[in-house]
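# Overview (structure and organization)
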Amino acid sequence: MSRLIVVSNRVSAPKDPASGSAGGLAMALSAALRKYDGLWFGWSGETVEKFTGELKIEDRAGVTVGLVDLEAQDVDEYYNGYANKTLWPLFHHRTDLAAYERSYGEGYERTNARFADVLAPLIQPDDIIWIHDYHMIPMARDLRRRGITNRIGFFLHTPWPARQLLVTLPHHRRLVESMFDFDLIGFHTREWMELFQRYVEVEEKGTVTPDGEVRAFGRSVQTGVFPIGIDVDEFLTARNSVLGRRTYDRMSASAAFRSMMVGVDRLDYSKGLEERLSGYEQFLRDNPDKRGEVFLLQVTPISRDDVDTYQDIRARLDALAGRINGEFADMDWQPIRYLNRTYRRDQLAGIYRAARVGLVTPLRDGMNLVAKEYVAAQNPDDPGVLVLSRFAGAAEQMTEALLVNPFSREELSDAIKKALDMPLTERRRRWEALMTVVQDTDVSIWRDAFVSALQAVVRPGNGNGHAGDDGAATAHAA
Ligand code: ADQ
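Structure report, in brief. Each chain carries its own residue numbering, running from 1 in the written order of its sequence. Two thresholds apply to this predicted model, a pLDDT of at least 70 for residue-level local features and 80 or more for giving and counting side-chain atom pairs, whereas whole-chain, interface and lining totals are computed over all residues. The basis for every side-chain value is the complete set of non-hydrogen atoms in the structure, without hydrogens or water.

### With respect to empty space enclosed by the protein
The condition that has to hold: A cavity here means a set of points on a 1 Å grid, drawn over the protein atoms and nothing else, where a 1.4 Å probe fits but cannot get out; a pocket is an open set with protein on both sides within 12 Å along at least five of seven lines, and a residue lines either one if it has an atom within 4 Å of a point. Grid points are joined across faces, edges and corners, and a volume is the space filled by probe spheres set on the points. Strands here are runs of E lasting at least two residues and helices are runs of H or I lasting at least four, both read from the DSSP assignment and numbered beginning at the N terminus. Residues were grouped as follows: Ala, Val, Leu, Ile, Met, Phe, Trp, Tyr, Cys and Pro as nonpolar; Asp, Glu, Lys and Arg as charged; and all remaining residues, including Gly, as polar.
Counted according to the given criterion, the structure contains two cavities of 30 Å³ or more. Contributing to the lining of the largest cavity are 13 residues, with Gly384, Val385, Leu386, Trp431 and Leu434 lying nearest its centre. Residue assignment for the lining of the largest cavity shows that the elements contributing at least two residues are helix 13 (369-376), strand 15 (385-389) and helix 15 (424-440). For the lining of the largest cavity, the leading source of residues is helix 15, giving four residues. Across the lining of the largest cavity, the residue classes tally to eight nonpolar, two polar and three charged.

See the structure below:
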């Protein structure tokens, strides 16, 4: 059996899987790496004065990881710069926040090439390589330049942007062309995949076959839809654990017969946090009788605090939560409990289960796993209601949630009211349909579908050494 090499900016294989902090993705990829005897390669998170390319190999609970340190300038231009100040906002349709600095693009190319320099000598002829996310889009091209002919797949965890916005990126053509060195490109949803295909058709006069093979630049690449999910068994175990149950009891006692709504999101402008708080404020205005009967627990760990935009949104959210609490709170009731901290997964499961409503209202999101975690944590006999943004990738599958437009505070206010008033029979019916989706998109299904599709791709004539392989290109649901 061939080895699997996973490549991502940060390597999240847990040192101690029992610590309860690793997410489903980290666990699922770790399990695959154990099975395929593979390697997880990426940045160590450390900086050094001068890049040496020295590889640190570690064993993390049976998973071999390969880590490389970067120079401060790389971190600044590649990670904080091009990845998080250029591509992230652009892919989330925030061209107003996207910085188009030439040095960022150069740093991105340089750092990807450095990663390729270190990784290429480790690759053996039968290995298959799976590269993750927008930090590493040119990696296949850089590996091909170093003579690597193995199968290389790419999965994008974010949305793909509309063509009209992507063309605001200087050198967008170069970026897209580099993607034709992959054998397979996976997206969470049909919508993101079709936006990619549309760019190629319109900008490059390329073609797309019915099974998702995209041809342009004199080459071709297979595209497919692979909706990510959570590790359902792991999450149910966390929910039923001692700490999971204790957290549920603690939250229920602290709610003191009030209906709790929960939001759990990294502090990021794509998550629609300000819009959510404004929608909740509207709800409190529209429904004075509900004041004192409901509260919102918003759990929001700080992220990317080195980037100015993130410091700005943090300050705005602090102010907004403070203002709403100041205006509406009573001596024994506060409408928003706003926490900037992380919780263990068993604690999160207990928190979700205690919440009558899950508010997942990003303005744009590749998938959104919180929506699936919230559903998995519910009590089947008395489940809560998921309010989900129609702009989350998850909305393509979770159609029995209350789908909302998060840009409209009135619509959010109405959805909150509807969720709180929903009768038990309807809650049960919707939850059962949603839980089926969560189970059908378990993270292990996602992982295995991607790896099988990558193994099956045939790219005759691309000079990648696959000509003559048998088996059709069978990207899942392309
Ligand atoms: P994210 O943008 O990070 O991921 P999401 O899918 O919601 O978004 O995953 C967040 C994860 O972090 C969840 O597992 C959640 O439980 C956890 N988390 C959030 N707040 C937490 C807290 N306070 N304490 C503990 N854990 C917390 C990117 C894309 C998404 C895509 C995923 C996976 O932006 O669209 O779904 O990758 O592909």
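### Quick look at the sheet that holds strand 15
The cut-off we apply is this: Two strands form a pair only when DSSP identifies at least two bridges running between them. Axis lines are fitted through C-alpha atoms, for helices just across the contact stretch, and the angle between N-to-C directions can take any value from 0 to 180 degrees. The contact criterion used is simple: two residues touch if any of their non-hydrogen atoms lie within 4.5 Å.
One open sheet holds the six strands; their spatial order is 13-12-11-14-15-16, and the pairing between them is parallel. Single-partner strands in this sheet number two, and they are strand 13 (336-339) and strand 16 (402-404). The sheet shows a mean angle of 20 degrees between the axes of neighbouring strands, taken without regard to direction. Sheet topology note: the strand 11 (residues 259-264)/strand 12 (residues 294-299) ladder contains six bridges and is parallel. Paired with Val262 across the bridge in strand 12 is Leu297. Helix 12 (residues 345-354) contacts strand 11 and strand 12 of the sheet and is inclined by roughly 135 degrees relative to strand 11.

### Concerning the packing of helix 9 (residues 242-255) against helix 12
Rule in force here: Just so you know how the angles are binned, under 35 degrees is roughly parallel, over 145 roughly antiparallel, 65 to 115 roughly perpendicular, and the rest oblique. Crossing handedness: left-handed means the near helix sits turned counterclockwise from the far one by under a right angle, and right-handed means the same turn made clockwise.
For the pair helix 9 and helix 12, interaxial distance at closest approach is 7 Å and the crossing angle is 40 degrees. Put simply, helix 9 runs oblique to helix 12. The two elements helix 9 and helix 12 cross, and the hand of that crossing is right-handed. For the pair formed by helix 9 and helix 12, the contact residues are Leu243, Gly244, Thr247, Tyr248, Met251 and Ser252 on the first element and Asp346, Gln347, Gly350, Ile351, Arg353 and Ala354 on the second. The residue makeup of the contact of helix 9 with helix 12, split by class, is five nonpolar, five polar and two charged.

### Section: the site of the ligand
Cut-off, in case you're wondering: Nearness of a residue to a molecule or strand requires only that one of the residue's heavy atoms be within 4 Å of it. N or O atoms within 3.5 Å of each other form a polar contact, as long as, within protein, one can give a hydrogen and the other can take it, and as long as residues adjacent in sequence are counted only when both atoms are side-chain atoms. Surface exposure here means Shrake-Rupley accessible area, sampled with a 1.4 Å probe, where a residue is shielded only by the protein chains that are shown. Domain borders in the structure are assigned automatically or taken from a domain database.
Taken together, 22 residues are adjacent to the ligand, and His157, Asp365, Met367, Leu369 and Glu373 come closest. The backbone of Gly366 places a nitrogen or oxygen atom 3.0 Å from an oxygen atom of the ligand. In this structure, Asn368 approaches the ligand through a main-chain N or O atom, which is 2.9 Å from an oxygen atom. Here the ligand has 710 Å² of accessible area as a free molecule, and 85% of this is covered by the chains. Listing elements by their share of the shell around the ligand, those giving two or more residues are helix 12 and helix 13. Taken together, the residues of the shell around the ligand sort by class into 11 nonpolar, five polar and six charged. A domain-level breakdown of the shell around the ligand finds at least three residues from each of domain 1 (4-229 + 443-456) and domain 2 (232-440).

### With respect to the sheet that holds strand 4 (residues 63-71)
Sheets are built from strands that pair by backbone hydrogen bonding, the pairs being arranged parallel or antiparallel. What the 10 strands build is an open sheet, ordered 3-4-2-1-5-6-7-10-9-8; its pairing is mixed. Edge positions in the sheet fall to strand 3 (55-60) and strand 8 (207-208), since each has one partner strand and no second. Here strand 6 (residues 152-155) pairs with strand 7 (residues 184-187) via three bridges, running parallel. Directly across from Gly153, in strand 7, lies its bridge partner Leu184. In the packing of helix 16 (residues 443-456) onto the sheet, contacts are made with strand 5 (128-132), strand 6 and strand 7, and the angle to strand 5 comes to roughly 130 degrees.

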